[in-house]
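For reference, the chains in residue letters:
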Amino acid sequence: MDNTLSFIIINESEIDEIEELWEEIKQYHIEKSPNFKNHYKTFTFQMRKEELISSTEKGLLFILIAKIKEKKIGYCVASVKEGIGEIDSIYVKAKYREKYIGKMLIEKSLNWIKSKNVEKIIVNISIGNEEVFDFYSKYGFKPRLTQLEMDINK
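All chains use their own residue numbering, which begins from 1 and follows the written sequence. In keeping with the model being predicted, local features are shown solely for residues with a pLDDT of at least 70 and side-chain atom pairs are shown and tallied solely at 80 or more, while totals for entire chains, interfaces and linings include all residues. No hydrogens and no water enter the side-chain calculation; it runs on all heavy atoms of the structure.

A. Molecular detail of the pattern of salt bridges. For this analysis, a salt bridge means a side-chain nitrogen from Lys or Arg found within 4 Å of a carboxyl oxygen belonging to Asp or Glu. What the rule picks out here adds up to ten salt bridges. In this structure, Lys67 engages Glu70 in a salt bridge whose closest nitrogen and oxygen atoms are separated by 3.4 Å. Whether a residue is buried, partly exposed or exposed follows from its accessible area with a 1.4 Å probe, protein chains only, as a fraction of its type maximum: under 20%, in between, or over 50%, in that order. According to the relative accessible area criterion, Lys67 is buried, its value standing at 11%.

Shown next, in the form of C-alpha cells:
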C-alpha cells in the first residue's frame, strides 16, 4: 500500500478543490464556538472563496493541499495583502494529526509568505479554538490583541 504524502499547490481558480475539507473545519468551528455558532452555520464556502479572491491581488494567494495517494487530507491557505502575510486557514483531518502534516503545511506556507517580503505575518484564531496557540507559538506567533464583536443579528 502506497502511503506517500504529497503536497500540491493550486491556483485560485482551483480553490473549489478544498471545499470538502473547508466544510470539515467549518463544522469544527460550529462545535467549538461559544458565541458565534450562527456565524459559522450561515457562512458558506462560496462566501469564503469570494472573500479570499476579492481581497487578494492576483498571485498573492497560496493554496497548498496535502494528499495521500489521491485523498486530500489537509490544506493551508495563505495570502499577502498590503505587505501583511496571513495564514488564512489551515486544516488537517483528525485521523492524520500528530503526523507532522500541519507542520509541513504551515512551514511551506510561511516560506511562501516570507518570499513576498512582508512586514509581518498574522493568523486569526477563533474563540473556542485556543488549543492551537501552542502549535502557532512554535513558529513565532504570539497573541497581540483580542477583538470583541457584537452580533447584531442575534
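B. A look at the sheet that holds strand E4 (residues 84-92). What the five strands build is an open sheet, ordered E1-E2-E3-E4-E5; its pairing is mixed. Because the sheet does not close on itself, it has two edges, and the strands there are strand E1 (5-10) and strand E5 (120-123). For this sheet, the mean angle separating the axes of adjacent strands, direction not counted, is 20°. As paired elements, E4 and E5 share four bridges and run parallel to each other. Across the sheet, Gly85 pairs through a bridge with Ile121, a residue of E5. In this description, contact between two residues means that some pair of their heavy atoms is separated by no more than 4.5 Å. Interaxial angle, 0 to 180 degrees, is taken between N-to-C directions of lines fitted to C-alpha atoms, where a helix line uses only the stretch in contact. The helix and strand labels rest on DSSP assignments: H or I over at least four residues marks a helix, E over at least two residues marks a strand, and numbering proceeds from the N terminus. With respect to the sheet, helix H4 (residues 101-114) is in contact with E1, strand E2 (61-68), strand E3 (71-81), E4 and E5, its orientation differing from that of E4 by roughly 160°. For two strands to be treated as a pair, DSSP must find no fewer than two bridges joining them.

C. Representation of H4. In this model H4 runs 20 Å from its N-terminal to its C-terminal C-alpha over 14 residues, within 8% of the 20 Å that 1.5 Å per residue would give. Looking at H4, one finds that the buried residues are Ile101, Gly102, Leu105, Ile106, Ser109, Leu110, Trp112 and Ile113. All buried residues of H4 project into a common sector of 160° when viewed along the axis, lining one side. Pointing more than 90 degrees away from the buried face of H4 are the exposed residues Asn111 and Lys114. One less than the residue count of a helix, multiplied by 1.5 Å, gives the span that helix is expected to have. Here the arc refers to the directions that run from the helix axis out to each C-beta atom.

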